[in-house]
Amino acid sequence: MRSGADRRLVIATHNPGKLKEMAELLGPYGFDCVGAGALDLPEPEETGDSFVANAELKARAAARGSGLMALADDSGVVVPALGGEPGIHSARWAEGPGGRDFRRAMERVARALGDNPDRRAYFLSVLSLAWPDGRVRSFEGRVHGTLVWPPRGDRGFGYDPMFQPDGHAGTFGEMEPTAKHRISHRAEAFRKLVAAMGWTRG
Ligand code: IMP
């Protein structure tokens, strides 16, 4: 088990889907995890122009605000046929009068693609780990696949029901969380982070 200061870790997100996945990924490594919302940390504005810039900005803000180590994710779905959109704007594509709605975001993507036969897409995640003294380290993961329409499955979050990873018959929305964790963009970035930090289970 970890002890003392290096055991407590803030998961720097207000997104419940990400919070759940990041807590599940961190679970085996013996951290005492707390979400940014539970600590009343403000959600910083994502003013960066890249996934790395936004992940680092969120991790640094949470580490500074809490005095603890903080892990942030910036992620999104990149669609080459749409010039890389929604990309870093993936959360924004869900915004509307009643707040964020990913059914609407998925419809916007489907409409923008129209009858374009190129349905390729990838999810990208940058995980940034920051310390209260301002140090930060970042790691990237990707998973490639195809966008399907209509969406299938009600597991996961965000764009999961319209994303079918290469080599699989189901969408992320239809997969068990453990199956998604084996291949997801976030899991790949997390494996790199664990290797670089030398974290061990238990
Ligand atoms: P942000 O990183 O908070 O700017 O938000 C990224 C957005 O990308 C999320 O709100 C989701 O809509 C989408 N996204 C990121 N990762 C995933 C995933 O694993 N599944 C589905 N959607 C995702």
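Okay, so let's go over this structure. Because the structure is predicted, anything quoted here is derived from the model rather than measured. (Residues numbered from 1 in each chain as written. Predicted model: local features only at pLDDT ≥ 70, side-chain atom pairs only at ≥ 80, totals over all residues. Heavy atoms only, no water.)

### Observations regarding the overall build of the protein chain
A count of helices and strands for the protein chain gives five helices and eight strands. Start at the N end of the protein chain and walk to the C end: the helices and strands fall as β-α-β-α-β-β-β-α-β-β-β-α-α. For 202 residues, the compact-globule estimate of 2.2 N^0.38 gives 17 Å, and the protein chain sits close to it at 17 Å. In terms of overall dimensions, the protein chain has C-alpha extents of about 55 × 35 × 25 Å along its principal axes. A burial count over the protein chain gives 47% of its 202 residues as buried. (Helix = DSSP H or I, 4+ residues; strand = E, 2+ residues; numbered from the N terminus. Rg over C-alpha atoms; globule rule 2.2 N^0.38 Å. Buried < 20%, exposed > 50% of the residue type's maximum accessible area, 1.4 Å probe, protein only.)

### Overview of the pairing of strand β3 (residues 69–78)
For a regular strand, side chains alternate in direction, first toward one face of the sheet and then toward the other. Extensive coverage of β3 is indicated by the burial of ten of its ten residues. Going residue by residue along β3, you find Met69, Leu71, Asp73, Ser75 and Val77 tucked away on one face and Ala70, Ala72, Asp74, Gly76 and Val78 tucked away on the opposite face as well. As paired strands, β3 and strand β6 (residues 120–130) are joined by nine bridges and run antiparallel to one another. Directly across from alanine 72, in β6, lies its bridge partner serine 128. (Pairing = 2+ DSSP bridges.)

### Comments concerning the packing of aromatic side chains
The geometry of an aromatic ring pair comes down to the distance between the two centres and the angle between the two planes. Scanning the model with the defined rule gives eight aromatic pairs in all. Here phenylalanine 123 and phenylalanine 172 contribute two aromatic rings whose centre-to-centre distance is 6.0 Å and whose plane-to-plane angle is 10 degrees, an arrangement assigned as stacked. Of this pair, phenylalanine 123 sits in strand β6 while phenylalanine 172 sits in the loop between β8 (163–165) and α4 (177–183); the two residues are 49 residues apart in sequence, bridging distant segments of the chain. Here the basic side chain of arginine 108 rests over the ring of tryptophan 93, its NZ or CZ set 4.8 Å away from the ring centre. (Phe/Tyr/Trp six-rings, centres within 6.5 Å; stacked < 30°, edge-to-face > 60°. Lys NZ or Arg CZ within 6 Å of the ring centre and 35° of its normal.)

### Things to note about the sheet that holds strand β7 (residues 136–147)
Spatially, the six strands line up as an open sheet ordered β2-β1-β3-β6-β7-β8, and their pairing is mixed. Sheet topology places β2 (32–35) and β8 at the edges, where each strand pairs with a single neighbour. Pairs of neighbouring strands in the sheet enclose a mean axial angle of 35 degrees, with direction left out of account. In the packing of helix α1 (residues 16–26) onto the sheet, contacts are made with β1 (8–11), β2, β3 and β6, and the angle to β3 comes to roughly 120 degrees. Together, β3, β6 and β7 form the strand contacts of helix α5 (residues 185–197), whose direction differs from that of β7 by roughly 150 degrees. (Axes fitted to C-alpha atoms, helices over the stretch in contact; angles between N-to-C directions. Contact = heavy atoms within 4.5 Å.)

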